[in-house]
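Residue-level listing of the chains:
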Amino acid sequence: MGNVTFQHVSKRYAGEKRKSVNDFSLKVEEGEFLVLVGPSGCGKSTLLRMLAGLEDITEGEIYIGDKLVNYVSSKDRNISMVFQNYALYPHMSVYENIAFGLRLRKMAKADIHERVTRAAKILEIESHLSKQPKQMSGGQRQRVALGRAIVREPAVFLFDEPLSNLDAKLRVQMREEIGKLYRRLKTTMIYVTHDQIEAMTMGTRIVVMKEGLVQQVATPEMIYTRPANMFVAGFIGSPPMNFMHGKFVSMDGASFFETKRYSLLIPEERAKPLIKAGYEGKVIVMGVRAEDAIYKKEELSLEAFISTQFEAVIEMRELLGSDVYLYLYNKEQRLVIRVDPRARFEEGKTIQVGLDMNRAHFFDKATEELIC
Ligand SMILES: Nc1ncnc2c1ncn2[C@@H]1O[C@H](COP(=O)(O)OP(=O)(O)OP(=O)(O)O)[C@@H](O)[C@H]1O
Ligand SMILES: [Mg+2]
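Thresholds, definitions, all that
- Residue positions are counted from 1 within each chain, in the order its sequence is given.
- Note on labels: chains are lettered from A, ligands numbered from 1, in written order.
- In keeping with the predicted nature of the model, local features appear solely for residues at pLDDT of at least 70, side-chain atom pairs appear and are counted solely at 80 or more, and the whole-chain, interface and lining totals rest on all residues.
- Here the side-chain values reflect all heavy atoms present in the structure, with hydrogen atoms and water set aside.
- When DSSP locates at least two bridges between a pair of strands, those strands are taken to pair.
- Strands are runs of DSSP state E lasting at least two residues, helices are runs of H or I lasting at least four, and both sets are numbered from the N terminus onward.
- Burial status follows relative accessibility: with a 1.4 Å probe on protein chains alone, a residue under 20% of its type maximum counts as buried, one over 50% as exposed, and anything between as partly exposed.
- We call a residue near a molecule or strand as soon as one heavy atom of that residue lies within 4 Å of the molecule or strand.
- Counted as a polar contact is a pair of N or O atoms within 3.5 Å, where, for protein atoms, one must be capable of donating a hydrogen and the other of accepting one, and residues adjacent in sequence contribute only when both atoms are in side chains.
- Residues were grouped as follows: Ala, Val, Leu, Ile, Met, Phe, Trp, Tyr, Cys and Pro as nonpolar; Asp, Glu, Lys and Arg as charged; and all remaining residues, including Gly, as polar.

Under an unreviewed UniProt entry, the chain has the name Multiple sugar transport system ATP-binding protein and belongs to Paenibacillus eucommiae.

As structure tokens, this is what we get:
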């Protein structure tokens, strides 16, 4: 069975004050592609290594299927792990590299041959089987490492930043390959990365971690559209979400987000939960994604535009192929918005910007948790 259960799992390395993983509980369903994402040092590898049996578990239990594996040795856990440095044996052929683990298990030669051939076919490296790793490109080598993991036919695949050694283009390609592999094998995969784009594109579910603590567990869509707190909102999405501080004011049936210089109308439906939670008159944080800014009057009714717009100077214009980002300063704070690449915007010019307040996120200033 390929489901994995973590129950209150913690890790404190010998001599360390802080827990590297702090009370992690999660059930990974069979056939899920779970991505663990978070900044460097947040405990992703530690968690994966505890599941793999490469690291002791300080507290809590880990189950693979129904079996408690805390004291099961790594080789008996029915998992395959692919690392960042794929560590192929340089003096062995690709075939031998892929077959190696099976030989150690004393599998019959014919069975080994069948599995290696099948894996090579899935990964499209059949014509390279007699080569040595040094005769192959980085991407091909990474595929050999995948092959080595596939032939073991594990209940769970573990990946620890397997693509971070590859250049940008190859990374995108391998991302697709792993996605294809997942769809073909339908085996549970747990994938560690600090790259939020990898997390968003590959995972069926994402776990966002920070300093050993889980911040949110949800589908990519939910993580993006309903980030649980400011950390998740800022970490997932590129460029990061814009945050501004302002007072929530509600009077005569209309609600506003007020800063020193601006007063932005909050649509009634969005304001309701803020009123209900008692935020009237309090400073809150508003988060707006770059794509939720409006800069053309036509897109808004005049009334809405007047009440949500402000003036800002274009400090920098950044062209990223199909996207253009404008880095703005509105005399109070800086923000970045995405605009139509065909529209002409010049650095140094002042423009009118509106914010789509229907898509704004509101956070508690002290706890940084999402209010609505
Ligand atoms: N063997 C060890 N002994 C002591 N502390 C460790 C050990 N391995 C990791 N740590 C600490 O545990 C924390 C989590 O490390 P971990 O390697 O799990 O982070 P990570 O999320 O995988 O980071 P990265 O993205 O950089 O790989 C870090 O603070 C790290 O310094
Ligand atoms: Mg790591």
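Here the narrative resumes.
Relative to strand β19 (residues 350–355), strand β15 (residues 293–294) runs antiparallel, the two being bridged by two bridges. When the sheet's bridge partners are listed, A293 is paired in β19 with L355. Bridge analysis of strand β16 (residues 309–320) against β19 gives five bridges, and the strand direction is antiparallel. Following the sheet pairing, V313 is matched in β19 by T350.

Side-chain direction in a regular strand flips from residue to residue, so the side chains alternate between the two faces of the sheet. Buried residues dominate strand β3 (residues 33–37), accounting for five of its five residues. Of the two faces of β3, the one holding F33, V35 and V37 and the one holding L34 and L36 are both buried throughout. Pairing of β3 with strand β8 (residues 188–193) involves five bridges; the strand directions are parallel. Across the sheet, the residue bridging to L36 is V192, located in β8.

Turning our attention to the site of ligand 1. Near ligand 1 the following residues occur: Y13, E16, R18, S20, S40, G41, C42, G43, K44, S45, T46 and E161. G43 is positioned with one of its backbone polar atoms (N or O) 3.0 Å from an oxygen atom of ligand 1. Take E161: an N or O atom from its side chain is 3.5 Å from an oxygen atom of ligand 1. Considered class by class, the residues forming the shell around ligand 1 number two nonpolar, six polar and four charged.

The element helix α1 (residues 44–52) is extensively covered by neighbouring structure, given that seven of its nine residues are classed as buried. Listed in full, the buried residues belonging to α1 are K44, T46, L47, L48, M50, L51 and A52.

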